[in-house]
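Report on the structure
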Amino acid sequence: DSGVTQTPKHLITATGQRVTLRCSPRSGDLSVYWYQQSLDQGLQFLIQYYNGEERAKGNILERFSAQQFPDLHSELNLSSLELGDSALYFCASSVGGGGAGDTQYFGPGTRLTVL
Amino acid sequence: AQKITQTQPGMFVQEKEAVTLDCTYDTSDQSYGLFWYKQPSSGEMIFLIYQGSYDEQNATEGRYSLNFQKARKSANLVISASQLGDSAMYFCAMRDIDRGSTLGRLYFGRGTQLTVWP
């Protein structure tokens, strides 16, 4: 158990809908990262928050947004869902802001299926 | 350009034997970190080992060691005394101290599926 929690574990929804994925980082970690894992693209970095502020942005679609709250938990919002958004979404956390050795610990993931 | 290359889609090893999973990386930075993660069939990503670009010694964590060859830009994972529970997908990842908006992100390879047989 990494100490990172994600809810829900599974999510099944229809195209055009909106969903929210939730992540609680390990105690003491200030950074939260979101990744998407699909067969086509592999593991892709979406976005990072550090102590409530956006720190780095990757291949995140405009239909997707995220935020980190004062208690450091984070939510990833996915809207206007398409079939291609079906994937495993991971949240990871780390102590610092992303230095070379700042190890990221991953949550169990949320499996999103868009029908 | 692909930052991390794992050329072995699948590897097989007999229980109690050692196995090496290959990883090469591409960066122009001097400071970077290399990581290996394990993903069992249950789906979670488990951190295994870390190597910093300035570390002179190869990293070791129990049965895992990282064969770091900086000049060749390779960071191979060595698993000694393989166990049935080692069967999983293994990912190599890198973080380089980039400029601009990508600080903090990990770049992942496509993974190597390791199967340990009795």
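Before reading on, note that the structure itself is shown above.
Residues numbered from 1 in each chain as written. Chains lettered and ligands numbered in written order. Predicted model: local features only at pLDDT ≥ 70, side-chain atom pairs only at ≥ 80, totals over all residues. Heavy atoms only, no water.

**Some thoughts on the overall build of chain A**
Put simply, the rule reads: Only runs of H or I of at least four residues qualify as helices and only runs of E of at least two qualify as strands under DSSP, and these elements are numbered from the N terminus. The globule rule is 2.2 Å times the number of residues to the power 0.38, and the radius of gyration it is compared with is taken over C-alpha atoms. Only protein chains enter the accessibility calculation, which uses a 1.4 Å probe. A residue is then buried if its area is under 20% of the maximum for its type, exposed if over 50%, and partly exposed in between. Between two residues, a contact is recorded if the distance between any of their heavy atoms is within 4.5 Å.
Along the backbone of chain A there are zero helices and eleven strands. Scanning chain A from its N terminus toward the C terminus, one meets helices and strands in the order β-β-β-β-β-β-β-β-β-β-β. Taken over the C-alpha trace, chain A has a radius of gyration of 13 Å; the compact-globule value for 115 residues is 13 Å, and the two agree within 12%. Counting only C-alpha atoms, chain A reaches 40 × 25 × 25 Å along its principal axes. By residue count, 54% of the 115 residues in chain A fall in the buried class. Taking as baseline every contact in chain A between residues at least 6 positions apart, the subset at least 24 positions apart corresponds to 56%.

**Some words on the interface of chain A and chain B**
For clarity, the cut-off: Here, a salt bridge means any side-chain nitrogen of Lys or Arg that lies within 4 Å of a carboxyl oxygen of Asp or Glu. All residues other than Ala, Val, Leu, Ile, Met, Phe, Trp, Tyr, Cys, Pro, Asp, Glu, Lys and Arg, Gly among them, are scored as polar; the first ten of these are nonpolar and the last four charged.
Tallying the contact residues gives 28 residues for chain A and 22 residues for chain B. Taken together, the links from chain A to chain B amount to zero salt bridges. Secondary-structure elements contributing two or more residues to the side of chain A that touches chain B are strand 4 (31–38), strand 5 (42–50), strand 6 (53–57), strand 9 (87–94) and strand 10 (105–106) of chain A. Residue contributions to the side of chain A that touches chain B peak at four residues, all from strand 5 of chain A. When the residues that make up the side of chain A that touches chain B are grouped by side-chain class, the tally is twelve nonpolar, twelve polar and four charged.

**Description of the pairing of strand 6 (residues 46–52) of chain B**
All names here are of chain B. Definition in use: The pairing criterion is simple: DSSP has to find at least two bridges between the two strands.
Sheet topology places strand 5 (residues 32–39) next to strand 6; six bridges connect them, and they run antiparallel. Looking across to strand 6, one finds that phenylalanine 35 is bridged to tyrosine 50. Between strand 5 and the antiparallel strand that follows it, strand 6, lie six residues; glycine 43 among them carries a positive phi value of about 105°.

**Overview of the nonpolar core**
Heads up, the rule is: The term nonpolar core refers to a set of buried residues drawn from Ala, Val, Leu, Ile, Met, Phe, Trp, Tyr and Cys, joined through side-chain atoms within 4.5 Å.
Core analysis: the biggest nonpolar cluster contains 25 residues, and Tyr25, Trp36, Ile49, Leu77 and Tyr90 of chain B have the highest contact counts within it. For this core, the secondary-structure elements that each account for two or more residues are strand 3 (19–21), strand 5, strand 6, strand 8 (64–69), strand 9 (74–79), strand 10 (88–96) and strand 12 (112–117) of chain B. At four residues, the largest contribution of residues to this core is made by strand 10 of chain B. Among all residues touching tyrosine 90 of chain B, those that are not within four sequence positions of it are Gln6, Leu21, Trp36, Tyr37, Lys38, Leu48, Leu77, Ile79, Gly111, Thr112 and Leu114 of chain B. Formed by 21 residues, the second largest nonpolar core is a distinct cluster that contains Trp34, Tyr49, Leu76 and Cys91 of chain A.

**Observations regarding the packing of aromatic side chains**
What counts, and what does not: Aromatic rings from Phe, Tyr and Trp, with only the six-membered ring used for Trp, were paired whenever their centres fell within 6.5 Å, and each pair was classed as stacked if the ring planes differed by under 30 degrees, edge-to-face if by over 60, and tilted otherwise.
Counting across every chain of the model gives 15 aromatic pairs over all chains. Centre to centre, the rings of phenylalanine 106 of chain A and tyrosine 37 of chain B are 5.2 Å apart; their planes meet at 75°, and the pair counts as edge-to-face. Highlighted residues: phenylalanine 106 of chain A in strand 10 and tyrosine 37 of chain B in strand 5, drawn from two different chains. Taking the centre distance of 5.8 Å and the plane angle of 50° together, the rings of tyrosine 37 of chain B and phenylalanine 108 of chain B count as tilted. Of this pair, tyrosine 37 of chain B sits in strand 5 while phenylalanine 108 of chain B sits in strand 11 (residues 107–108), placing them 71 residues apart in sequence. The exposure classification of tyrosine 37 of chain B matches that of phenylalanine 108 of chain B, with both residues buried.

**Considering the environment of glutamine 30 of chain B**
For glutamine 30 of chain B, the position within the fold is in the loop between strand 4 (24–25) and strand 5. Each residue touching glutamine 30 of chain B, except ones within four places of it in the same chain, is listed here: Ser53, Tyr54 and Lys70 of chain B.

**Some details on the state of the cysteines**
By definition, a disulfide is the covalent link that joins the sulfur atoms of two cysteine residues. Residue and element names in this part refer to chain A. The cut-off we apply is this: Cysteine sulfurs are considered disulfide-paired once they come within 2.5 Å of each other.
Evaluation of the coordinates by the stated rule reveals two disulfides over all chains. Two residues share a disulfide in this structure: cysteine 23 and cysteine 91, whose sulfurs sit 1.8 Å from each other. Judged by the sign of its S-S torsion, about -45°, the cystine formed by cysteine 23 and cysteine 91 is left-handed. Note that cysteine 23 is positioned in strand 3 (residues 19–24) and cysteine 91 in strand 9, a separation of 68 residues in sequence.

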